[in-house]
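# Analysis of the macromolecular model
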Amino acid sequence: MTITTTSAPGTARGAVTDTRAVFRAPVPDDAAAVWKLVGNTPGLDSNSPYYYTLWFRDFAHGSLVATVDDEIVGFLTGYRRPDEPETYFVWQTAVNPRHGIPFLGVKLFQAAADQQVAEGARYVEATVSAENKSIIMVLKQFARKHAAHIETRVLFPGSLFAGDHHDEVLYRIGPLAAG
């Protein structure tokens, strides 16, 4: 999948005139770049480089990376729940804020979720902090696009985690139909 956007010279994102983002399944060789991107993204839970290497071997089908000129500028990790294979769970996503492509994170989420819906997923899930208004907006936009219901509940209370951790609020979107 390729997304092409054009930004006028001198825009807030820089003098980008034609930026082409390619979405593709990740491979283990992408792990180091994704790990660095996560480290440069405030508020994102850090995982080890090994975690991403293993994830991109075993769960690449539910994940995407966004590249511009072969440089990773965004990623999304997700998987089909083993106990509920009609549910696609989005685990983690981030984009480089200087990529020059408007709404890249939104497009990445929609591409991954739409791919899973086309392959039979009837529900999309993600956990979100109540303060993460931008991701909540993305989830609501996706639900509206598919005329689907959103169910929310605390999946894991912050007390389950070490330190000062927020509640993990589950957003469950569906049922969804391909098309």
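Let us look at the structure shown here. All chains use their own residue numbering, which begins from 1 and follows the written sequence. Local features in a predicted model are, by the rule used here, given only for residues with pLDDT of at least 70; side-chain atom pairs are given and counted only at 80 or more, and totals for whole chains, interfaces and linings are based on all residues. Think of the side-chain values as coming from all heavy atoms in the structure, minus any hydrogens and water.

## Some words on helix α4 (residues 133-145)
Starting at the N terminus, helices and strands are each numbered in turn, a helix being any DSSP run of H or I of at least four residues and a strand any DSSP run of E of at least two. Here the expected span of a helix is defined as 1.5 Å times the quantity of residues minus one. Helix length check: α4, at 13 residues, gives a terminal C-alpha distance of 18 Å against a target of 18 Å (1.5 Å per residue), a fit within 8%. Note on exposure labels: buried denotes an accessible area under 20% of the residue type's maximum, exposed denotes more than 50%, and partly exposed covers the range between, all computed with a 1.4 Å probe on protein chains only. Among all positions in α4, only I136, V138, L139, F142 and A143 are buried. Seen along its axis, α4 keeps its buried residues to an arc of 155 degrees; they face one direction. Turned more than 90 degrees from where α4 packs its buried face, K133 and R144 sit exposed. Contacts: residue pairs with any heavy atoms within 4.5 Å of one another. Where α4 is buried, its residues touch α3 (104-118), β6 (123-128), β7 (149-156) and β8 (168-174). The arc in question is formed by the directions pointing from the helix axis toward the C-beta atoms.

## Digging into the nonpolar core
Residues enter a nonpolar core if they are buried and are Ala, Val, Leu, Ile, Met, Phe, Trp, Tyr or Cys, with the set joined through side-chain atoms within 4.5 Å. Counting residues in hydrophobic clusters, the biggest one holds 32 residues, and the most contacted among them are F23, F109, V124 and F142. At the level of elements, β2 (19-24), β3 (64-68), β4 (71-81), β5 (84-95), α3, β6, α4 and β8 are the ones that each hand at least two residues to this core. Element by element, the count of residues in this core is highest for α3, at 8 residues. With residues up to four places along the chain from it excluded, the contact list for F109 reads L76, V90, V124, V138, L139 and F142. Of all hydrophobic cores here, the second largest spans 12 residues; its members include A31, Y51, F75 and A94.

## Concerning the side chain of E125
Residue placement: E125 occurs in strand β6. Counted as a polar contact is a pair of N or O atoms within 3.5 Å, where, for protein atoms, one must be capable of donating a hydrogen and the other of accepting one, and residues adjacent in sequence contribute only when both atoms are in side chains. A distance of 3.2 Å separates the side chain of E125 from the side chain of R81, its partner in a polar contact. If sequence neighbours within four positions are ignored, E125 has contacts with R81, T87, Y88, F89, V90, L170, Y171 and R172.

## Focus on the pattern of salt bridges
Any Lys or Arg side-chain nitrogen located within 4 Å of an Asp or Glu carboxyl oxygen qualifies as a salt bridge. Counted according to the given criterion, the structure contains 8 salt bridges. Between R81 and D83 there is a salt bridge whose closest N-O contact spans 3.2 Å. Its salt-bridge partner being K145, residue D114 comes within 2.5 Å of it at the nearest N-O pair. Residue D114 is located in helix α3, and its partner K145 is located in helix α4; the two are separated by 31 residues in the primary sequence. Three or more residues are tied together by salt bridges with common partners; here these are R81, D83, E84, E125 and R172.

## Overview of the packing of aromatic side chains
The geometry of two aromatic rings is summed up by the distance between their centres and the angle between their planes. The rule is short: rings of Phe, Tyr and Trp, with Trp giving its six-membered ring, pair when the centres are within 6.5 Å, and they are stacked under 30 degrees, edge-to-face over 60, tilted in between. Enumeration over the complete set of coordinates arrives at 9 aromatic pairs. On the numbers, 6.1 Å between centres and 85 degrees between planes, the contact of Y52 with F75 is edge-to-face. Residue Y52 is located in helix α2 (residues 49-58), and its partner F75 is located in strand β4; the two are separated by 23 residues in the primary sequence. Across the pair, F75 and Y52 agree in class, each one buried. Residues F109 and F142 carry aromatic rings whose centres are separated by 5.5 Å and whose planes lie at 90 degrees to one another, so their mutual orientation is edge-to-face. With F109 in helix α3 and F142 in helix α4, this residue pair connects regions lying 33 residues apart in the sequence. Both residues of the pair, F109 and F142, belong to the buried class.

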